[in-house]
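What the coordinates show
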Amino acid sequence: MDLPIVVGVDGSEPSLRAVDWAADEAALRGAALRLVYASLWERNEGASLAHDLGRPSQAVMAEDIVDTAERRARHRQPGIKVTTDVLAEEPEYVLVRESRTALAVVMGCRGRSSMTEALLGSVGVMAAGHAHCPVIVLRGGHDDRARSGARGRIVLGVGEKPTGSAAALRFAAEEALLRRVPLEAVLAWRRPTHQTTGHPLVVGQPAHQHEHEAVEALAEALREVPADLRVQRRTVEAHARDALLAASREADLLVVGARQRHGHFGLQLGRVAHGVLHHAACPVAVVPECD
């Protein structure tokens, strides 16, 4: 079955920028684009209240929103197939359900204002933490313009366990190949706290050992990377979150994995994924990883 790329739209400029980005992605992959607007207002309040208040029905507003998004997508990429839907449900639950039959779910981010974390926490983190496919949040580029391939690099955050980022690696590698850009794989490592103080002759060897182990772990994680993909390997002594946020400043897309545990509802976002979703300087893709 050919799966679409799903975009959550709400009429805001950030969501329209997500439409631009997703349209470019659909064109790259030869996929369809599905634009979804979700709101409980019409169900809870009804068109009669809107009429009494002298305001347009939410249903009419919703149709205007998806129509505008559809026109923008077709203008951006005239050759792609676009479908739309308006659903009277909570946005986060709609996006999680849509993720079951999607290549990816794409959504905008409202920038760095004081409301960002609340908005992202209520929808973006919920979707990224429970989705069944990659969720891409359009961080960075706060002028509301999507710039595909501006920096010419895809960054992948690699965990210390060799198999811990397999799905994220496949997604990041495919993105890099489609865009014809290098993949920069970043693995952050830290020496144990008790080894960070003392005489250099005492702490130097353990630090070298930990760095060597990080290099080996990164090599193992990238063992099955496509032969025709240009890969830049980088190990950094730092917190993983800080290393990836720094790398995001020079990336077109930052890809991280999220663990999926049996017996739990969806993914369990760790501190690293949660941190980059809120603070990265470029779009972030959170990819489900199965144990």
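Before reading on, note that the structure itself is shown above.
Attention in this report is confined to the structure presented alongside it. (Residues numbered from 1 in each chain as written. Predicted model: local features only at pLDDT ≥ 70, side-chain atom pairs only at ≥ 80, totals over all residues. Heavy atoms only, no water.)

**Some thoughts on the pattern of salt bridges**
Counted only if it meets this: Only one rule defines a salt bridge in this text: a Lys or Arg side-chain nitrogen within 4 Å of an Asp or Glu carboxyl oxygen. Starting at the N terminus, helices and strands are each numbered in turn, a helix being any DSSP run of H or I of at least four residues and a strand any DSSP run of E of at least two. Residue exposure (1.4 Å probe, protein chains only): buried if accessible area is under 20% of the type maximum, exposed if over 50%, otherwise partly exposed.
By the definition in use, this model includes 18 salt bridges. The salt bridge partner of Asp20 is Arg76, with a shortest N-O separation of 4.0 Å. With Asp20 in helix α1 (residues 13–29) and Arg76 in helix α3 (residues 58–76), the pair connects residues that are 56 residues apart, well separated along the chain. In this structure, the salt-bridge partner of Glu184 is Arg153, at a minimum N-O distance of 3.0 Å. In this pair, Glu184 is assigned in strand β7 (residues 183–189) and Arg153 in the loop between β5 (135–138) and β6 (154–157), connecting sequence segments 31 residues apart. Glu184 sits in the buried class, given a relative accessible area of 5%. One network of salt bridges, with partners in common, ties together Glu13, Asp20, Asp24, Arg72 and Arg76.

**Some details on the nonpolar core**
Just so we agree on the cut-off: Put simply, buried Ala, Val, Leu, Ile, Met, Phe, Trp, Tyr and Cys residues joined by side-chain atoms within 4.5 Å make one nonpolar core. Contacts are residue-level and defined by heavy atoms, with any inter-residue pair within 4.5 Å sufficient.
Ranked by internal contacts, the top residues of the largest apolar core, which has 51 residues, are Val7, Leu33, Val106, Ile136 and Val255. Setting aside chain neighbours within four positions, we find Val255 in contact with Ile154, Val155, Leu156, Gly157, Ala168, Phe171, Ala172, Ala285 and Val287. Leu87, Cys109, Ala127 and Val155 belong to the second largest nonpolar core, which has 37 residues in total.

**Examining α1**
The criterion, for reference: One less than the number of residues in a helix, times 1.5 Å, gives the span that helix is expected to have.
In this model, α1 (17 residues) spans 24 Å end to end at C-alpha, consistent with the 24 Å of a helix rising 1.5 Å per residue. Residue Gly30 follows α1 closely and has a positive phi angle near 65°.

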